[in-house]
Amino acid sequence: GVAMFQRGHPVFHASVVRSGGQGIAFLGDSGAGKSTMAMAFCRVGDSVVADDHAVVTTEGHGVAVLSGFPQLRLREDALLHLEEEEGPVSRFHVSEEKLGWTVPERFESRPVPLDRIYVLADEKEISITPLPLEEAAVALAQHSFLSSLLIRPDLAARHRQLCRMLAARVCVLRLARPRVLEGLSDLIQRLRNHTDEINLHEQAAATSA
């Protein structure tokens, strides 16, 4: 994270998939369900861009996510749910709490344009809420791999500036949903067809500008 930041590429605690030609990122704390969301997109034919570490680049004309490593780190219950639907998958231990699932045939090896970012939250009902610019920038900063290392004021200021710039260029939304594996298919379909909430965000951004 530090090395990439020095090269102008912030790194976020997020998993990213490519759906419909665009990158969709899921941002959250450890255990928030980022990799599980990526797994659910894979099950409907989309591909993984990065898991857990999302390296963002703003070189060129847009914002993109660099490709990571072709695997997902999942809890055992998520993998068991996957195997119930698809049959046995290749798995291996990556930590005491997580298992690895290799996804070479569902992996993007090139940078993918970042279309929107969902900040994950646990609630009983599904809701998708656009975040105001400043709140979105704070969420990005809090879920950066540099958040605990920015003790130098100049680096901290630069990082805040990068997060605010990203929040202004990419749609950032709060995604609240129940943590129920059986309901993932319906949620993923809603996210793949998600246009109304994006329009609301753009209207709010235009108003605040």
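The rules behind these values
Residues numbered from 1 in each chain as written. Predicted model: local features only at pLDDT ≥ 70, side-chain atom pairs only at ≥ 80, totals over all residues. Heavy atoms only, no water. Axes fitted to C-alpha atoms, helices over the stretch in contact; angles between N-to-C directions. Helix = DSSP H or I, 4+ residues; strand = E, 2+ residues; numbered from the N terminus. Parallel < 35°, antiparallel > 145°, perpendicular 65-115°, else oblique. Contact = heavy atoms within 4.5 Å. Nonpolar A, V, L, I, M, F, W, Y, C, P; charged D, E, K, R; others polar. 1 Å grid on protein atoms, 1.4 Å probe; cavity = no way out; pocket = protein on both sides within 12 Å on 5 of 7 lines; lining within 4 Å. Points joined across faces, edges and corners; volume = space filled by probe spheres on them. Buried < 20%, exposed > 50% of the residue type's maximum accessible area, 1.4 Å probe, protein only. Lys, Arg positive; Asp, Glu negative; His and termini not counted. Salt bridge = Lys/Arg side-chain N within 4 Å of Asp/Glu carboxyl O. Polar contact = N/O pair within 3.5 Å; in protein donor to acceptor, adjacent residues only side chain to side chain.

Draft legend 1. A look at the packing of helix 2 (residues 34-43) against helix 3 (residues 76-86). Packing of helix 2 against helix 3 brings their axes to within 11 Å, and their N-to-C directions diverge by 10°. Considered as vectors, helix 2 and helix 3 are oriented roughly parallel to each other. Residues Thr-36, Met-39 and Arg-43 of helix 2 form the contact with helix 3, whose own contacting residues are Ala-78, His-81, Leu-82, Glu-85 and Glu-86. Along the lines of polarity and charge, the residues of the contact of helix 2 with helix 3 split into three nonpolar, two polar and three charged.

Draft legend 2. Layout of empty space enclosed by the protein. Scanning the model with the defined rule gives one cavity of 30 Å³ or more in all. As a volume, the largest cavity reaches approximately 50 Å³. Broken down by secondary-structure element, the contributors of at least two residues to the lining of the largest cavity are strand 1 (11-19), strand 2 (22-27), strand 4 (53-57) and strand 9 (112-122). Here the element with the most residues in the lining of the largest cavity is strand 1; it accounts for three residues. For the lining of the largest cavity, the class distribution of residues is 11 nonpolar, no polar and no charged.

Draft legend 3. The arrangement of the environment of Arg-91 in detail. Counting through the fold element by element, Arg-91 comes out in strand 7 (residues 91-93). Given a relative accessible area of 32%, Arg-91 falls into the partly exposed group. When the C-alpha positions of Arg-91 and Trp-101 are compared, they lie 4.9 Å apart, and in sequence the two are 10 residues distant.

Draft legend 4. Spotlight on the environment of Gln-22. The topology assignment puts Gln-22 in strand 2. According to the relative accessible area criterion, Gln-22 is partly exposed, its value standing at 31%. Separated by 90 residues in the primary sequence, Gln-22 and Val-112 place their C-alpha atoms 6.5 Å from one another. The contact partners of Gln-22, leaving out residues within four places of it in the chain, are Val-17, Val-112, Pro-113 and Asp-115.

Draft legend 5. Broad picture of the side chain of Asp-51. Structurally, Asp-51 can be placed in the loop between strand 3 (47-50) and strand 4. Among buried charged residues, Asp-51 stands out as having no salt bridge; its nearest opposite-charge side chain is Arg-73, 5.5 Å away. Engagement of the side chain of Asp-51 in a polar contact is seen with the backbone nitrogen of Arg-73, the distance being 2.9 Å. For Asp-51, the residues in contact, after removing those within four places along its chain, are Ala-14, Ser-15, Ser-35, Gln-71, Leu-72 and Arg-73.

Draft legend 6. Expanded view of the pattern of salt bridges. This model, assessed by the stated rule, comprises nine salt bridges. A salt bridge links Asp-46 to Arg-192, with the nearest nitrogen and oxygen atoms 3.1 Å apart. Taken together, the positions of Asp-46 in the loop between helix 2 and strand 3 and Arg-192 in helix 6 (residues 184-192) put the pair 146 residues apart, joining distant regions of the chain. Looking at Arg-192, the relative accessible area reads 34%, which means it is partly exposed. One salt bridge connects Asp-122 with Arg-177, and the closest N-O pair in it is separated by 2.9 Å. Of this pair, Asp-122 sits in strand 9 while Arg-177 sits in strand 11 (residues 171-177), placing them 55 residues apart in sequence. Taking the relative accessible area as the measure of exposure, Arg-177 reaches 4% and is therefore buried. Beyond isolated ion pairs, a larger network of salt bridges with shared partners links Asp-122, Arg-177 and Arg-179.

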